[in-house]
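# Geometric and topological summary
Chain residues, written in single-letter form:
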Amino acid sequence: GSPQSLSATAVSALSAAQLAAIPAAKWGSMGAAWLNAVPPALFATLAGTSVAKFSNAAVAGLDLPHVAALTTTQMAAMANPQSLSLAAVATLTPAQASAITTDLYWMSASWLNALSPATFAALTPAQTARIFQPAMSGLDAAHVSVLTGAQLKTMWCLDALNPAAIAALSATQVAALSVKFK
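Notes on the structure follow. Since we're looking at a predicted model, the values are computed, not measured.

### Structural notes on the overall build of the protein chain
Looking only at helices and strands, one finds 18 helices and 0 strands in the protein chain. Counting only C-alpha atoms and orienting by the principal axes, one finds that the protein chain spans roughly 70 × 30 × 20 Å. With 182 residues in all, the protein chain has 39% of them scored as buried. For the protein chain, the share of sequence-separated contacts (at least 6 apart) that also reach a separation of at least 24 residues comes to 67%. Approximately 8,300 Å² of the protein chain is accessible, and the part contributed by carbon and sulfur atoms is 65%. Across the protein chain, the mean location of the 6 positive side-chain charges is 14 Å away from that of the 4 negative side-chain charges.

### Regarding the environment of Gln-151
On the secondary structure map, Gln-151 appears in helix α16 (residues 149-154). A relative accessible area of 1% places Gln-151 in the buried class. Leaving out residues up to four positions away in the same chain, Gln-151 has contacts with Phe-120, Ala-121, Ala-122, Leu-123, Pro-125, Thr-128 and Val-146.

### What about the side chain of His-66?
Position of His-66 relative to the elements: it lies in helix α7 (residues 64-69). A polar contact is formed between the side chain of His-66 and the backbone oxygen of Val-38, at a distance of 2.5 Å. For His-66, the contacting residues outside a window of four places in its chain are Leu-35, Asn-36, Val-38, Pro-39, Pro-40 and Phe-43.

### Considerations on the packing of aromatic side chains
Taken as a whole and assessed by the stated rule, the structure comprises 6 aromatic pairs. With a centroid separation of 6.2 Å and 45 degrees between ring planes, the pair formed by Trp-27 and Phe-54 is classed as tilted. With Trp-27 in the loop between α2 (16-20) and α3 (32-37) and Phe-54 in the loop between α5 (48-51) and α6 (56-60), the pair connects residues that are 27 residues apart, well separated along the chain. By way of ring pairs, the aromatic residues Trp-27, Trp-34, Phe-43 and Phe-54 are connected into one cluster.

### A closer look at the side chain of Ser-50
Inspection of the secondary structure assignment puts Ser-50 in helix α5. We classify Ser-50 as buried; its relative accessible area is 6%. In contact with Ser-50, not counting residues within four places along its chain, are Ala-24 and Trp-27.

### A look at the environment of Trp-27
Residue Trp-27 is classed as buried on the basis of its relative accessible area, which comes to 0%. Excluding anything up to four places from it in sequence, Trp-27 contacts Leu-19, Ile-22, Trp-34, Leu-35, Leu-46, Ser-50, Lys-53 and Phe-54.

### What to know about the environment of Leu-92
For Leu-92, the position within the fold is in the loop between α9 (86-89) and α10 (94-98). When its relative accessible area of 3% is taken as the criterion, Leu-92 is described as buried. For the pair Leu-92 and Ala-114, spaced 22 residues apart in sequence, the C-alpha separation works out to 9.4 Å. Every residue in contact with Leu-92, bar those within four places of it in the chain, is listed here: Val-67, Met-75, Leu-84, Trp-111, Leu-115 and Thr-119.

Each value, and the rule that gives it
Residues numbered from 1 in each chain as written. Predicted model: local features only at pLDDT ≥ 70, side-chain atom pairs only at ≥ 80, totals over all residues. Heavy atoms only, no water. Helix = DSSP H or I, 4+ residues; strand = E, 2+ residues; numbered from the N terminus. Buried < 20%, exposed > 50% of the residue type's maximum accessible area, 1.4 Å probe, protein only. Contact = heavy atoms within 4.5 Å. Areas by Shrake-Rupley, 256 points an atom, 1.4 Å probe, with all protein chains shown as cover. Lys, Arg positive; Asp, Glu negative; His and termini not counted. Charge placed at Lys NZ, Arg CZ, Asp CG, Glu CD. Polar contact = N/O pair within 3.5 Å; in protein donor to acceptor, adjacent residues only side chain to side chain. Phe/Tyr/Trp six-rings, centres within 6.5 Å; stacked < 30°, edge-to-face > 60°.

Next comes the structure, spelled out in structure tokens:
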């Protein structure tokens with residue numbers, strides 16, 4: 001039979017070798033209940049090529065222990081991290097979030113604000129460069145206040161920041177944006 005037809009009990013008894021033997025293409029058929037039945041320690045051993053096939057619905061239904069188990073390699077491979085629940089996003093570590101290779105264009109302000117400020121601050125300048133106007137306009141002051149000069153310099157639509165977010169910018173942040181004329 002197909003692996004997606006296994007019961008939760010059967011899934012929880014699979015070995016790392018058995019999970020690794022499932023072809024990457026099959027992982028797109030696995031629902032959240034199936035994935036959440038895999039013990040988190042084994043879930044962390046899944047290949048990035050498998051994680052890349054997870055459906056939006058499966059990613060949205062990942063429980064918090066499985067989100068915590070995601071490795072940076074898995075996060076980099078995940079095609080649809082924007083589908084994570086906001087509760088799951090709130091638990092992402094700085095290492096997990098900075099490993100995301102999916103364009104942050106797809107992340108809403110709610111998604112970005114769900115990250116802890118420390119995790120948001122860990123986003124790379126290449127990532128923050130891809131935060132677009134709809135999300136930028138909804139960023140809250142707590143998140144804007146932790147941006148580094150390097151991150152701010154990459155953000156092309158800072159004019160979309162809301163007044164509270166603009167007010168949260170420090171003198172150091174504003175100075176990092178200043179143009180110096182010779």
